[in-house]
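The chain contents come next:
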Amino acid sequence: MRIAVIGAGIAGLVAARDLSDAGHEVVVFEKSRGMGGRMAARRSEGGAVVDHGLPVLDVPRDGVLAGYVVELATDDLVEVDAPGQPVPGRSTEGAPQLAWASGMTRLPKALAHGLEVVTDTRVAAIRADGEMLEVAQDQGNTLGTYDWVIVTAPGAQAADLLDHSPRGAVRAADLRAVPYDLAVMVLAGVAVEPPEWFAHRPLTGPITYVTSETAKERAPVDGVASFVVRLDPDVSERLMEASDAAVLAEALPALAKVLGKPAATPAWTQVKRWRYSTARDRLDQQVMNPEGTRVLVAGDAVAAGPRMEDVAATGQWAARRILDS
Ligand SMILES: Cc1cc2nc3c(=O)[nH]c(=O)nc-3n(C[C@H](O)[C@H](O)[C@H](O)COP(=O)(O)OP(=O)(O)OC[C@H]3O[C@@H](n4cnc5c(N)ncnc54)[C@H](O)[C@@H]3O)c2cc1C
């Protein structure tokens, strides 16, 4: 069978991997340049690797993710066990918190290895074409016809795709209503002795948390340690369209306070905005994929819970639905 997967985040790559391993012809379409979606890393101006999406991966033992990590991505794996407060969203108590020294994209890249992934390609429409499904790009260019399509974009973006797809409109309305927190992130390199903690959550101020990237076995570059600041959802909403200067004016004094270095001017900074960071509520994947539909929805909007383990399981579920058909 020919299957198109839309989105190279964890849900899409798990689905694609399982289907490809079972011998099916799978193509993954990804609108951005890289793998991982919100499991994201970039290199700072100072040369440091910084994770600006999911800060750390909770991996329950014997779960879906543990299998892929052990099979595909154990080199440069780091168990982040520095003292300090857990990052919010951590809901798998007792599960190891994992990261990779080379960046959180290490696992998605490993999952994508050997798969056909077409990057820089935004899918705009899924249409019926006889017995098949046609996937098309913004400009209307066809990206081929498939027996099945799996959509893994965040709720509202998935809705845009389902709007005109066969049996999609009703599901699109539900997906569009899935609420997400916005997240404005500030990445900063500061010439300080790296703290002992990995994550710090101030009780007051505009910050949800600060993470110290040094705790992921990323040594300071030229004495400059890297930090990621996540602004709280209300502040993020207010600053979503603001200039970088306005974001930094709010975030940097709060970071300096956390670091106990009021006079420390960062060596470098970057601002990243996520319109969809974490889903505050989710839909039932079974209900959202009624029998008979060949346009399946996976990803965090239909996960059973907030954990990455649940997100990965939605990819596995979609693959199994196709394999059992
Ligand atoms: C800052 C931040 C912190 C977070 N912290 C936590 C945490 O502590 N704990 C936790 O459990 N979760 C956390 N999350 C959420 C977690 O990262 C997500 O739930 C998870 O990564 C979602 O994976 P996914 O595969 O469903 O979607 P994504 O990773 O979003 O993948 C979807 C992919 O689809 C692509 N795409 C979208 N539309 C199209 C299109 N039309 N055509 C082609 N490609 C398209 C996107 O570019 C993206 O790569 C955090 C997220 C962020 C941003």
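Right above here is the structure, for reference.
The following refers to the structure shown. (Residues numbered from 1 in each chain as written. Predicted model: local features only at pLDDT ≥ 70, side-chain atom pairs only at ≥ 80, totals over all residues.)

### A look at the sheet that holds strand β12 (residues 148-151)
(1) Moving on: With parallel pairing, the five strands of this open sheet are ordered in space as β8-β2-β1-β12-β18. In the strand order of this sheet, the two ends are held by β8 (116-118) and β18 (295-297), each with one partner. Sheet twist, expressed as the average angle between the axes of neighbouring strands with direction ignored, equals 20 degrees.
(2) Moving on: Relative to β12, strand β1 (residues 2-6) is paired through four bridges, and the arrangement is parallel. Note that in β12 the partner of Ile-3 across the bridge is Trp-148.
(3) Moving on: Running at roughly 150 degrees to β12, helix α4 (residues 155-162) makes contact with β1, β12 and β18 of the sheet. (Pairing = 2+ DSSP bridges. Helix = DSSP H or I, 4+ residues; strand = E, 2+ residues; numbered from the N terminus. Axes fitted to C-alpha atoms, helices over the stretch in contact; angles between N-to-C directions. Contact = placed C-beta atoms within 7 Å.)

### Quick word on the sheet that holds strand β9 (residues 123-129)
Strand pairing in a sheet takes place through backbone hydrogen bonds and is either antiparallel or parallel in direction.
(1) Moving on: Within the open sheet, the three strands sit side by side as β9-β10-β11. Their pairing is antiparallel. Taken across any chain shown, the strands that pair with only one partner, and hence form the sheet edges, are β9 and β11 (142-146). Across the sheet, the mean angle from the axis of one strand to that of its neighbour is 20 degrees, orientation sign disregarded.
(2) Moving on: Bridge analysis of β9 against strand β10 (residues 132-137) gives six bridges, and the strand direction is antiparallel. Paired with Asp-129 across the strands is Met-132, a residue of β10.

### Brief notes about unusual backbone geometry
Excluding glycine, residues mostly carry a negative phi; peptide bonds, for their part, are mostly trans.
(1) Moving on: One non-glycine residue, Asp-62, lies in positive phi territory at about 65 degrees.
(2) Moving on: Structurally, the position occupied by Asp-62 is in the loop between β5 (57-58) and α2 (64-72).
(3) Moving on: Unusually for a residue other than glycine, Asp-222 sits at a positive phi of about 50 degrees.

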